[in-house]
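The chain contents come next:
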There are 2 protein chains.
Amino acid sequence: MYYVGVDLGGTNIAVGLVNENAEIVNKESIKSKLPRPAEELLKDMAQLIIKVCDDAGVSMNEVKSIGIGTPGSCDCANGVLVYANNLGYENVSFKDEIHKYIDKPVYIENDANVAALAEYIKKDRKMECFVAVTLGTGVGGGVIINGKIFSSFNGAGAELGHTVMVCDGEPCSCGRNGCLEAYASATSLIRQTKEEMEKSPESLMNEIGMVKVTGRTAFDAARQGDAAGKRVVDNYIRYVAEGITNIVNIFQPEELVIGGGVCNEGDYLLLPIIDYVKKNQYVKKLKTTKISIAELGNDAGIIGAAMLGL
Amino acid sequence: MYYVGVDLGGTNIAVGLVNENAEIVNKESIKSKLPRPAEELLKDMAQLIIKVCDDAGVSMNEVKSIGIGTPGSCDCANGVLVYANNLGYENVSFKDEIHKYIDKPVYIENDANVAALAEYIKKDRKMECFVAVTLGTGVGGGVIINGKIFSSFNGAGAELGHTVMVCDGEPCSCGRNGCLEAYASATSLIRQTKEEMEKSPESLMNEIGMVKVTGRTAFDAARQGDAAGKRVVDNYIRYVAEGITNIVNIFQPEELVIGGGVCNEGDYLLLPIIDYVKKNQYVKKLKTTKISIAELGNDAGIIGAAMLGL
C-alpha cells in the first residue's frame, strides 16, 4: 500500500506518494497562489494528488489514505483547518473538499507536528518523548509522545516558538514580546545580521551580504574569521541554545532534532548548542537528551503527513 | 481497599491513609530531621505508615500499595530516588528500604507530579492534558497527559519552573539566570517585596512586614491601597502570567491549576492572570485553557502519592 502526503505552505503545495517504508516514490509541487478561496486551492491539491499517483503508475486502489500537513490549528478528528492566519483560512473542512474528488480517508495536522512525526519515524525506535524544533521563517515545534503527535485537546499544542524567553524583548508575530521565535528564527537571524552590519562597516558581512542578507551571511563571515560575524553567530546560537535548554527541561525528550534552513550550518551550529545545553540543563545526574540535526530536510513535511495514515 | 500516600519534604514526612474515593481517612506527620542517612529516614517513614494504618483501625491486608512523593528525580519503574539535592540523597532505593518493614508494592514519583495527579483526579473527568503549577519556595510543575503523569524517559520532565523567561535575569537555584522560578516563586516575591520596601520607606509594607516579610506582605498592602505594594503585586503577577502563557502555548492543557502558598490570595491573584493569558496566548480562535486555583492545598501531595497505586 501507499500513502499520500501533502505539505501545504504559503508558497507551494507539495504532494508526495510514500511507501510503507516512509520513502517518497514520487513527488511534485505547484504554487499555492494565495490569497484565493480554499475550495480552489483544495481542488488543485486533489488534482495534483491524482496526477502524482498516475505518474508513478500507482492506482487509487493502492492508496490507503491522504494526509495533509498545514500551517495553523487543526481539528484533526474532523479534518478541519480551524485557523491559519498565514493562509487566510478559517474553519475549512479539508476532508469534505478533498472528498469531492477522491474517496479516501483524509487526515490533517499542523505542519510542524507532521515534520516531527517524520523525523521520529526515521529514528526507527520507540521513545517516550521526541521533539523537533524548526528554525525557519518562524520557530516551529513538534512533540511526539509515545509515538503519537502531542497537540492536546484543541489541536494547538507544542507552539514552542511562542514562549517568552526575553521578557519585554523584540516583538513577535504572535503579538507578544521576546518569544523564542523573535530571537531564534532565520528571520530574526537576518535582523540581527543587518543590525551588526550597520554597526560594523568593516565587517566582511557587508561584502558577503551586499546583494542580499540571508540566514547564511553571518555564518559565512564567521567561518572566515570575521569578528562581527562571529558576534552575530555567537549571540544567535546562545538564544537558540537557551530556548532548547528550556525545551529539554520541560520535555526531557530522549532525542531532540533541530530542523529548518539554519540547520544547514551543521556542526558549526549544533556543537555549541549541545555544549550549552549540557552545562545548563536542570538534570545532570540522569540520562539526558540526545541533540542532533534533523535528517529529512524538506521531505519531512510530505513523509510525516503521509504517515498520519499509518 | 486503602492506599497509603507519603508526602516527603525537606522539613516533614506526612503520611496519609487514602480511600478509593481519593479521600484522606487518617494522616500524621513527623519531622524529616535532615541531614541524616536515607536508611534511617525511610525506617521512620515505614513505622509511621504502620502507625497511621493502625490508628485508623485498618489492617495491612486492606492496604493495596504505598506511594511516595519526593523532591528530585525518580526512576519510577524501579522505585529509586535518583537524585534530590535538597534531601541530599542520590541513588536510594525507596522500594528496597520500605520492603524491609512492609511487604506492599511501593511507587515513587516527583512531588510536583503527584500533586498534579491529585488535582487531576479531583477534577473527575478525562482530559488529554492537565497542568498544575505550584508557586511555593520554588516553582513546580506537573503535567498529566491522558490521565498519566508525564515525566519522560528519565523521570525528570515537566520542570516548568526552570525555563528562562528573562534572559540574563535574576540568578536561579538551578544555576541559570532568569528562570520562571526566579521571578514567580514565593521566595522571589519576598525578594521583590524587600527591594520595593527599601525603595519606598513610606509604603505600608514596611509596617506590615516589620517583624517578618512574607509572600503575603505586598498583597496585604496592595489590598489596602498601598501604591508600592500594588507595584510589587502587579509586577509579580505579570511574571507569573507570562510564565503561564508560555505553559499554555506549549501544552494547551484543558485545565491548568495554580497551587502553592501564594494561591491563598485567590481571585486577587487569579483574575489578572486569566485576563493576561486570554490576551496574550497564541491560540484565540479555538477552545482555550481553563485556569483556576488548586483545590487540595497541602493534601495534594498525600492524595496524589496514594493514587500512584490506582
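None of the values given here were measured: they were computed from a predicted structure.

Quick notes on the rules
Residues numbered from 1 in each chain as written. Chains lettered and ligands numbered in written order. Predicted model: local features only at pLDDT ≥ 70, side-chain atom pairs only at ≥ 80, totals over all residues. Heavy atoms only, no water. Helix = DSSP H or I, 4+ residues; strand = E, 2+ residues; numbered from the N terminus. Rg over C-alpha atoms; globule rule 2.2 N^0.38 Å. Buried < 20%, exposed > 50% of the residue type's maximum accessible area, 1.4 Å probe, protein only. Contact = heavy atoms within 4.5 Å. Areas by Shrake-Rupley, 256 points an atom, 1.4 Å probe, with all protein chains shown as cover. Lys, Arg positive; Asp, Glu negative; His and termini not counted. Charge placed at Lys NZ, Arg CZ, Asp CG, Glu CD. Least-squares fit on C-alpha atoms with pLDDT ≥ 70 in both. Pairing = 2+ DSSP bridges. Axes fitted to C-alpha atoms, helices over the stretch in contact; angles between N-to-C directions. Buried area = accessible area lost by both parts, 1.4 Å probe. Salt bridge = Lys/Arg side-chain N within 4 Å of Asp/Glu carboxyl O. Polar contact = N/O pair within 3.5 Å; in protein donor to acceptor, adjacent residues only side chain to side chain. Parallel < 35°, antiparallel > 145°, perpendicular 65-115°, else oblique. Left-handed = near helix turned anticlockwise from the far one by under 90°. Domains from an automatic or database assignment. Right-handed = clockwise from strand over helix to strand, strands pointing away.

A. Quick look at the overall build of chain A. When helices and strands are counted, chain A shows 10 helices and 13 strands. Against the compact-globule benchmark of 19 Å for 310 residues, chain A has a radius of gyration of 20 Å, which places it among compact chains. Projected onto its principal axes, the C-alpha positions of chain A cover 60 × 50 × 35 Å. Each of the 310 residues in chain A was classed as buried or not, and the buried ones make up 60%. Excluding contacts between residues fewer than 6 apart, the proportion of contacts in chain A whose partners are at least 24 apart in sequence is 60%. Surface accessibility of chain A: about 12700 Å² in total, with carbon and sulfur atoms responsible for 47%. Between the mean site of the 31 positive side-chain charges and the mean site of the 40 negative ones, chain A shows a separation of 4 Å.

B. Fine view of the relation of the copies chain A and chain B. Expressed as a screw transformation, the operator carrying chain A onto chain B has a rotation angle of 180° and an axial translation of 0.0 Å, and the superposed copies differ by an RMSD of 0.0 Å. The transformation just described matches what one would write down for a two-fold rotation axis. It is Met165 of chain A whose C-alpha, among those of chain A, lies nearest the rotation axis, at 2.0 Å. By residue overlap, the copies meet face to face through one surface: 100% of the interface positions of chain A are interface positions in chain B.

C. Geometry of the sheet that holds strand β11 (residues 148–149) of chain B. Residue and element names in this part refer to chain B. Spatially, β11-β10-β9-β12-β13 is the arrangement adopted by the 5 strands of the open sheet, whose pairing is mixed. Edge strands, defined here as strands with exactly one partner in the open sheet, are β11 and β13 (290–293). The pairing of strand β9 (residues 129–135) with strand β12 (residues 255–259) spans 5 bridges and is classified as parallel. When the sheet's bridge partners are listed, Val133 is paired in β12 with Ile258. The strands that helix α8 (residues 227–251) touches are β9, β10 (139–145), β12 and β13; relative to β9, the one it contacts most, it runs at about 160°. Across the sheet, helix α9 (residues 267–280) lies against β9, β12 and β13, angled at about 165° from β13, the strand it touches most.

D. Region of the structure containing unusual backbone geometry. Residue and element names in this part refer to chain A. Following Leu34, the chain continues into Pro35 via a peptide bond in cis, with omega recorded as 0°. As for its position among the elements, Pro35 is in the loop between β3 (24–31) and α1 (38–55). The phi dihedral of Lys33 is positive, around 55°, even though this residue is not glycine. By the secondary structure assignment, Lys33 is in the loop between β3 and α1. Accessibility expressed as a relative area gives 57% for Lys33, which makes it exposed. Non-glycine residue Asp124 carries a positive phi angle of around 60°. Residue placement: Asp124 occurs in the loop between α3 (111–123) and β9 (129–135). When its relative accessible area of 68% is taken as the criterion, Asp124 is described as exposed.

E. Region of interest: the interface of chain A and chain B. With 45 residues of chain A at the contact, the number on the chain B side is 45 residues. Roughly 4300 Å² of surface becomes buried between chain A and chain B when both sides are summed, with 60% attributable to carbon and sulfur atoms. Joining chain A to chain B, the criterion identifies 6 salt bridges. Scanning the region where chain A abuts chain B turns up 26 residue pairs in polar contact (both at pLDDT 80 or more). Listing elements by their share of the side of chain A that touches chain B, those giving two or more residues are β6 (80–84) and α8 (227–251) of chain A.

F. How the structure looks around the packing of α8 of chain B against α9 of chain B. Residues and elements named next belong to chain B. Axis separation between α8 and α9 bottoms out at 9 Å; the angle between their running directions is 50°. Taken as axis vectors, α8 and α9 run oblique relative to one another. Helix-helix and strand crossings are classified by hand; for α8 and α9 the assignment is right-handed. Listed contacts from α9 to Val233, Tyr236, Ile237, Arg238, Val240, Ala241, Glu242, Ile244, Thr245 and Val248 of α8 are Tyr268, Leu269, Pro272, Ile273, Tyr276, Val277 and Asn280.

G. Structural context of the sheet that holds strand β7 (residues 89–93) of chain B. Residue and element names in this part refer to chain B. Strand order across the open sheet formed by 3 strands is β5-β6-β7, with antiparallel pairing between neighbours. In the strand order of this sheet, the two ends are held by β5 (73–75) and β7, each with one partner. Neighbour-to-neighbour, the strand axes of the sheet open up by a mean angle of 15°, direction not taken into account. Summarising the sheet, β5 and strand β6 (residues 80–84) pair through 3 bridges and their orientation is antiparallel. Along β6, the bridge assignment pairs Asp75 with Val80.

H. Spatial organisation of the domain arrangement of chain A. Residues and elements named next belong to chain A. Here chain A is described as being made up of domain 1 (2–117 + 299–307) and domain 2 (125–294). Opposite the 9 residues of domain 1 that make contact, domain 2 presents 15 residues. Three residues, Asn113, Ala116 and Leu117, lead the burial of domain 1 against domain 2; their summed loss comes to 54% of the area buried on that side. Inspection of the region where domain 1 meets domain 2 yields 0 salt bridges. Among the elements of the structure, β5 (73–75), β8 (106–110) and α3 are those that each provide at least two residues to the side of domain 1 that touches domain 2. With 5 residues, the top contributor of residues to the side of domain 1 that touches domain 2 is α3.

I. Region of the structure containing the pairing of β12 of chain B. All names here are of chain B. For β12, the tally of buried residues reaches 5 of 5 residues, placing the bulk of the element in the interior. Side chains of β12 alternate between two faces, with Glu255, Val257 and Gly259 and Leu256 and Ile258 buried alike. With 4 bridges joining them, β12 and β13 adopt parallel strand pairing. What sits directly across from Glu255, in β13, is Lys290. Crossover β12 to β13 through α9 is right-handed.

J. Expanded view of the pattern of salt bridges. All names here are of chain A. Counted under the stated rule, the structure contains 40 salt bridges over all chains. Where Arg191 meets Glu195, a salt bridge forms, and the shortest distance between an N and an O atom there is 3.4 Å. A residue pair is termed a helical-turn pair when its members lie 3 or 4 positions apart in one helix, as Arg191 and Glu195 do in helix α5 (residues 186–199) at 4 residues. Take Arg191: its relative accessible area is 23%, and that puts it in the partly exposed class. Each of Lys123, Arg125, Glu254, Glu255 and Glu295 takes part in a single network of salt bridges with overlapping partners.

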